[in-house]
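Single-letter residue listing:
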Amino acid sequence: MKRHLISAADLTRDDALLILDTAEEMARVANRPIKKLPTLRGRTVVNLFFEDSTRTRISFEAAAKRLSADVINFSAKGSSVSKGESLKDTALTLEAMGADAVVIRHHASGAPHRLATSGWINGSVVNAGDGTHEHPTQALLDAFTMRRHLAGAPDGGPTHHKGPGDGTGRDLAGRRITIVGDVLHSRVARSNVHLLNTLGAEVTLVAPPTLLPIGVETWPCEVSYDLDSVLAKSDAVMMLRVQNERMNAAFFPTEREYARRYGLDATRMAALPGHAIVMHPGPMNRGMEITAEVADSERCTAVEQVGNGVSVRMAVLYLLLGGNEPALSENRTEENK
Ligand code: NCD
């Protein structure tokens, strides 16, 4: 693996599978009475958040703490950033404090890449969401969740598994994933398209034409404007939040019209195959892209995705910072010391 995680597009199939397999090991830690490993003791992870976040920031914090790293949370609000301090000066400050990894969320697409290539800091950079560009750890936790539900499902599972995968169920070969909604503003969608393609899945984007990015025809996926026509052949449907805060124009007539054409309600959910799951990265706009009934149904994995996020981020931090030591050999766990 590289030193930084900036884009899901940078991950090879082997990198992605290594992260997902390591995350499965990490998930076992969560089931122990003491949810902690000493692996990153003495290392410092800084969470540098220039944009609002609930689950991603908490998730990275929990992941770093479970690996015994020291965690510094920096949010732009209330910091010198609001006095006009530049990304460079902030980075130099973090470097002076000895940050081994900087987890950055920024409203500008490309900020994590700038941080990683600038020479301002020596540690690893992890992109926790940059503008409308990428959110690689979200795609990894989504893939982790899909793999648990869909890969190699013994029964009730998909029967069309003919993809190029290795047949071991480690990847998502031949699985059909439908991503619905505000693709234009979604870093989650972009990262998912890259990663799912790398893992052998077949992705279909469904959105009104106004909410698709320019150049989407070059992405490795299909595009449809008709949600009802793709439901029956979807193994997972991922609903995207309508990102009102990034909209400076009218992208659809009314919220009701949007919900009617592109929202997931119980009737549409019933059109999915029995094994299919409903996903949402959160935060959800209940009543907009997803009805409360669907959000609260057993088939919706939104809460499970949050839990899986901690395991996946532990795996990423471990692989970027922890080096070659075995993560989980029994005599290295806190409880056995
Ligand atoms: C997403 C994000 O921030 O990009 N949320 C998340 O990380 N859980 C999606 C969104 O904001 O809609």
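Residues numbered from 1 in each chain as written. Predicted model: local features only at pLDDT ≥ 70, side-chain atom pairs only at ≥ 80, totals over all residues. Heavy atoms only, no water.

Trainee: Describe empty space enclosed by the protein, and please don't skip the residues or the numbers.
Mentor: Under the definition given, this model contains 2 cavities of 30 Å³ or more. As a volume, the largest cavity reaches approximately 70 Å³. Around the largest cavity sit R55, T56, S59, Q138, L141, P281, Q305, V306, G309 and R313, which together line it. Elements with a contribution of two residues or more to the lining of the largest cavity: α2 (55–66), α5 (136–150) and α11 (302–321). For the lining of the largest cavity, the element with the most residues is α11, which contributes 4 residues. Broken down by class, the residue content of the lining of the largest cavity amounts to 3 nonpolar, 5 polar and 2 charged. Each of domain 1 (8–134 + 305–336) and domain 2 (136–302) gives at least three residues to the lining of the largest cavity. Taken as a whole, the second largest cavity spans an internal volume of roughly 60 Å³. Lining the second largest cavity, in full, are M1, K2, H4, L5, I6, S7, D10, L11 and D15. Residue composition of the lining of the second largest cavity, by class: 4 nonpolar, 2 polar and 3 charged. (1 Å grid on protein atoms, 1.4 Å probe; cavity = no way out; pocket = protein on both sides within 12 Å on 5 of 7 lines; lining within 4 Å. Points joined across faces, edges and corners; volume = space filled by probe spheres on them. Helix = DSSP H or I, 4+ residues; strand = E, 2+ residues; numbered from the N terminus. Nonpolar A, V, L, I, M, F, W, Y, C, P; charged D, E, K, R; others polar. Domains from an automatic or database assignment.)

Trainee: Which residues make up the nonpolar core, and what values do they have?
Mentor: L140, I179, L195 and L205 are the most contacted members of the largest nonpolar core, which has 64 residues in total. Broken down by element, the residue count for this core peaks at 10 residues, all from α11. Taken together, domain 1 (8–134 + 305–336) and domain 2 (136–302) each give at least three residues to this core, which thus spans both. Ignoring sequence-local partners within four residues, the contact set of L205 consists of I179, V183, V193, V216, W219, C221, E222, V223 and S224. Judged by nonpolar contacts, the second largest core, of 25 residues, contains L211, I290, V294 and A295. (Core = buried A, V, L, I, M, F, W, Y, C linked by side-chain atoms within 4.5 Å. Buried < 20%, exposed > 50% of the residue type's maximum accessible area, 1.4 Å probe, protein only. Contact = heavy atoms within 4.5 Å.)

Trainee: Give me the packing of aromatic side chains: which residues, what numbers.
Mentor: Each pair of aromatic rings is reported with the distance of its centres and the angle of its planes. What the rule picks out here adds up to 3 aromatic pairs. With a centroid separation of 6.3 Å and 50° between ring planes, the pair formed by F50 and F74 is classed as tilted. With F50 in the loop between β1 (44–49) and α2 and F74 in strand β2 (residues 70–75), this pair connects stretches of sequence that are 24 residues apart. Its relative accessible area of 14% is what places F50 among the buried residues. Grouping aromatic residues by their ring pairs yields a cluster made of F252, Y258 and Y262. (Phe/Tyr/Trp six-rings, centres within 6.5 Å; stacked < 30°, edge-to-face > 60°.)

Trainee: Outline the site of the ligand, listing residues and values.
Mentor: Within the structure, the ligand sits among R55, T56, R105, H135, Q138, R187, V188, R241, Q243, P281, G282 and P283. Separating an oxygen atom of the ligand from a side-chain N or O atom of R241 is a distance of 2.7 Å. P281 places a main-chain nitrogen or oxygen 3.1 Å from a nitrogen atom of the ligand. Protein burial of the ligand: of its 310 Å² of free accessible surface, 94% is covered by the chains. Mapping the ligand onto the cavity grids shows that it belongs to the largest pocket. Counting residues per element, the ones that place at least two in the shell around the ligand are α2 and α6 (187–198). Residues of the shell around the ligand, tallied by class, amount to 3 nonpolar, 5 polar and 4 charged. Summarising the domain contributions, the shell around the ligand has at least three residues from each of domain 1 (8–134 + 305–336) and domain 2 (136–302). (Near = heavy atom within 4 Å. Polar contact = N/O pair within 3.5 Å; in protein donor to acceptor, adjacent residues only side chain to side chain. Areas by Shrake-Rupley, 256 points an atom, 1.4 Å probe, with all protein chains shown as cover. Sits in = over half its atoms within 2 Å of the grid points.)

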